[in-house]
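Report on the structure
Each chain, written out:
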Amino acid sequence: MENKPPLRNTHARPDWDEYFMDMVHVVKNRSTCIRRAVGAVIVKDKQVLATGYNGQPRGAAHAAEVGCLRERLGVPSGERHELCRGLHAEQNAIIQAAYHGVAIAGAEVYCTTKPCIICTKMLINAGIQRVHYEEFYDDPLADELAAECGMEMVQYLPKDQRPSAAAEKAGVPEFRPGLTHKGETVPG
């Protein structure tokens, strides 16, 4: 009988945050928005419960087919969210969970972009405990409400941008513009 060496991983295994953030980027590829592609993944106990991307309701024509209402009306990003045919990724993830009868209270959400105030309110009422986001989106009211209600907002940092283990052990905080901890914006 031949003595074979044990099998080893030949690639770096992602940590859980990387794993779920990678999924978010796959999910956002389904977006039907012509202005910005956003993805969201709802996770509990390291298991995916639901996913969502931004786009029109089921059965509605996509913006690529009928044009963007917001562009047609000249609505700037971050204003008048109701003037859009689509839903946000976080909204669609919550709806997908409800549609399939999946409880999401106590879960976490991974998003490509920090949630707006409307999505923040929905996530709070859905019982989401923590939001991991990659791209900063400036919405002070969302930050204030998340902090008041105890929903933690954490900006995801790729491994090469994270503080060293020694800095973390020493309790040295990572200060970067836009980085938030427990809903409080850290000054830049």
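Scroll up to find the structure.
Note that the coordinates shown come from a computational prediction; the quantities given were computed from them, not determined experimentally.

So, about the environment of G52. Position of G52 relative to the elements: it lies in strand β2 (residues 47–53). Among the residues examined, G52 registers a relative accessible area of 3% and is labelled buried. A sequence separation of 42 residues divides G52 from I94, and the C-alpha atoms of the two residues are 7.8 Å apart. Ignoring sequence-local partners within four residues, the contact set of G52 consists of V27, V38, G39, A40, A89, N92 and A93.

A few words on the pattern of salt bridges. Scanning the entire structure with this criterion turns up six salt bridges. Here R130 makes a salt bridge to E108, at a shortest N to O gap of 3.3 Å. Of the two residues, R130 sits in strand β4 (residues 130–135) while E108 sits in strand β3 (residues 108–113), which places them 22 residues apart along the sequence. By relative accessible area, which is 27% here, R130 ends up partly exposed. Linking D143 and K114 is a salt bridge whose minimum nitrogen-to-oxygen distance equals 2.3 Å. Linking D143 in helix α6 (residues 140–149) with K114 in the loop between β3 and α5 (117–125), this pair joins segments that are 29 residues apart in sequence. Among the residues examined, D143 registers a relative accessible area of 5% and is labelled buried. Each member of the salt-bridge network shares a partner with another, and the members are E108, R130 and E152.

For the rest of this paragraph, the subject is the packing of helix α4 (residues 89–99) against α5. Remark: α4 packs on α5, axes separated minimally by 9 Å, with the N-to-C direction vectors making an angle of 25°. One finds that α4 runs roughly parallel with respect to α5. Every pair of crossing elements has a handedness; the one defined by α4 and α5 is left-handed. Here α4 contributes E90, Q91 and I94 to the contact with α5, which in turn contributes I118, C119, M122 and L123.

Strands belonging to one sheet form pairs held by backbone hydrogen bonds; the direction of such a pair is parallel or antiparallel. Judged by pairing direction, the sheet is mixed, and its five strands sit side by side in the order β2-β1-β3-β4-β5 without closing on themselves. Sheet topology places β2 and β5 (152–155) at the edges, where each strand pairs with a single neighbour. The average undirected angle you get between the axes of adjacent strands in this sheet is 20°. Contacts from α4 reach β1 (39–44), β2 and β3 within the one sheet, and its direction differs from that of β2 by about 130°.

What counts, and where the lines are drawn
- Residues numbered from 1 in each chain as written.
- Predicted model: local features only at pLDDT ≥ 70, side-chain atom pairs only at ≥ 80, totals over all residues.
- Heavy atoms only, no water.
- Helix = DSSP H or I, 4+ residues; strand = E, 2+ residues; numbered from the N terminus.
- Buried < 20%, exposed > 50% of the residue type's maximum accessible area, 1.4 Å probe, protein only.
- Contact = heavy atoms within 4.5 Å.
- Salt bridge = Lys/Arg side-chain N within 4 Å of Asp/Glu carboxyl O.
- Axes fitted to C-alpha atoms, helices over the stretch in contact; angles between N-to-C directions.
- Parallel < 35°, antiparallel > 145°, perpendicular 65-115°, else oblique.
- Left-handed = near helix turned anticlockwise from the far one by under 90°.
- Pairing = 2+ DSSP bridges.

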